[in-house]
Amino acid sequence: MNAAGQRVFEHQRIWRVTERALTAACAALADAVREDHLAVSRVVGIANGGVIPAGQVARHLGVEPLIVRARHNIDDRTYLQATGEVEVEQADAVALTGFNGTVLVVDDICGSGATLRALAQALKPVVGPGCRLLTATLCLNAGARLRPDYWIWPVSDWVNFPWEQPPGVPRSDLPHLEGVHRDR
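Note that the structure is predicted; figures quoted are calculated from it, not measured.

## Examining the sheet that holds strand β9 (residues 172-173)
Hydrogen bonds along the backbone pair up the strands of a sheet, which may run parallel or antiparallel.
Alright, step 1. On the basis of which strands lie adjacent, the open sheet formed by 3 strands has the order β8-β1-β9 and parallel pairing. This sheet does not close on itself; its edge strands, each paired only once, are β8 (158-160) and β9.
Alright, step 2. When strand β1 (residues 14-16) meets β9, the two strands line up parallel, connected through 2 bridges. Paired with Arg16 across the bridge in β9 is Asp173.

## Quick notes on the environment of Ile46
Alright, step 1. Looking at where Ile46 falls in the secondary structure, it is placed in strand β2 (residues 42-47).
Alright, step 2. For the pair Ile46 and Asp107, spaced 61 residues apart in sequence, the C-alpha separation works out to 5.4 Å.
Alright, step 3. Those residues in contact with Ile46 that lie beyond four places of it in its chain are Val51, Val68, Ala70, Val105, Val106, Asp107, Thr115, Leu116 and Leu119.

## Observations concerning a nonpolar patch on the surface
Alright, step 1. Together, Val51, Ile52 and Ile67 give the surface a local cluster of nonpolar side chains, amounting to about 190 Å² of exposed area.
Alright, step 2. Note on placement: Ile67 falls in strand β3 (residues 65-71).
Alright, step 3. Taking the relative accessible area as the measure of exposure, Ile67 reaches 30% and is therefore partly exposed.

## Let's talk about helix α2 (residues 51-61)
Alright, step 1. Residues of α2 that are buried include every one of Pro53, Ala54, Gln56, Val57, Ala58 and Leu61, and no others.
Alright, step 2. Of the residues one or two after α2, Gly62 is the one with positive phi, at around 75 degrees.

## Some details on the nonpolar core
Alright, step 1. If you look at the biggest cluster of nonpolar residues, it comprises 31 residues, and the most contacted ones within it are Val43, Leu104, Leu138 and Trp153.
Alright, step 2. Going through the elements one at a time, α1 (19-36), α2, β5 (102-110), β6 (132-141) and β7 (150-155) are the ones with two or more residues in this core.
Alright, step 3. When residues in this core are grouped by element, the largest group, 8 residues, is from α1.
Alright, step 4. Excluding its chain neighbours within four sequence positions, the residues that come into contact with Val43 are Ala54, Ala58, Leu61, Val63, Glu64, Pro65, Leu66, Leu104 and Val106.

What counts as what
Residues numbered from 1 in each chain as written. Predicted model: local features only at pLDDT ≥ 70, side-chain atom pairs only at ≥ 80, totals over all residues. Heavy atoms only, no water. Pairing = 2+ DSSP bridges. Helix = DSSP H or I, 4+ residues; strand = E, 2+ residues; numbered from the N terminus. Contact = heavy atoms within 4.5 Å. Patch = residues over 30% accessible without salt bridge, like charges linked within 9 Å, V, L, I, M, F, W, Y side chains within 5 Å. Areas by Shrake-Rupley, 256 points an atom, 1.4 Å probe, with all protein chains shown as cover. Salt bridge = Lys/Arg side-chain N within 4 Å of Asp/Glu carboxyl O. Buried < 20%, exposed > 50% of the residue type's maximum accessible area, 1.4 Å probe, protein only. Core = buried A, V, L, I, M, F, W, Y, C linked by side-chain atoms within 4.5 Å.

Below is the structure:
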């Protein structure tokens with residue numbers, strides 16, 4: 001982890017998450033969360049990148065997903081550092097007002113940790129005192145200052161997800177799913 005909390009890009013490859021890997025990763029995340037917690041009452045997907053993974057994880061857990069918009073990338077260019085300034089659409093979180101169950105927040109990648117941190121701060125005044133927030137991402141960048149509770153692939157290069165436009169350069173598939181990492 002670097003001191004600045006900026007994403008690490010070794011510029012050796014662009015990783016690709018295939019549809020098959022996405023499906024397996026989301027099922028593995030749901031299974032790991034279910035293993036560790038009696039019940040998850042709600043899954044929150046961070047738009048844009050967390051929408052599809054959150055939907056798949058929520059389906060495996062048998063709950064409805066809620067989408068909250070939060071963004072800090074100024075655009076979708078490859079190897080662009082995030083600004084660290086995250087805007088969370090507070091109106092999206094209103095559905096969790098007074099909520100006291102376990103909420104799993106899902107995103108595609110934890111790059112610097114800024115988005116997960118900002119969403120947790122935005123939800124804190126909304127949810128009830130008995131709410132437990134858990135976080136899960138498909139990828140964790142080596143530069144992240146914050147680790148999610150669950151993630152699949154540690155990365156130190158750019159990642160291209162199935163819902164994103166492929167870059168005009170060759171990509172390498174992420175390694176076979178070996179299991180879920182837990183921050184304990």
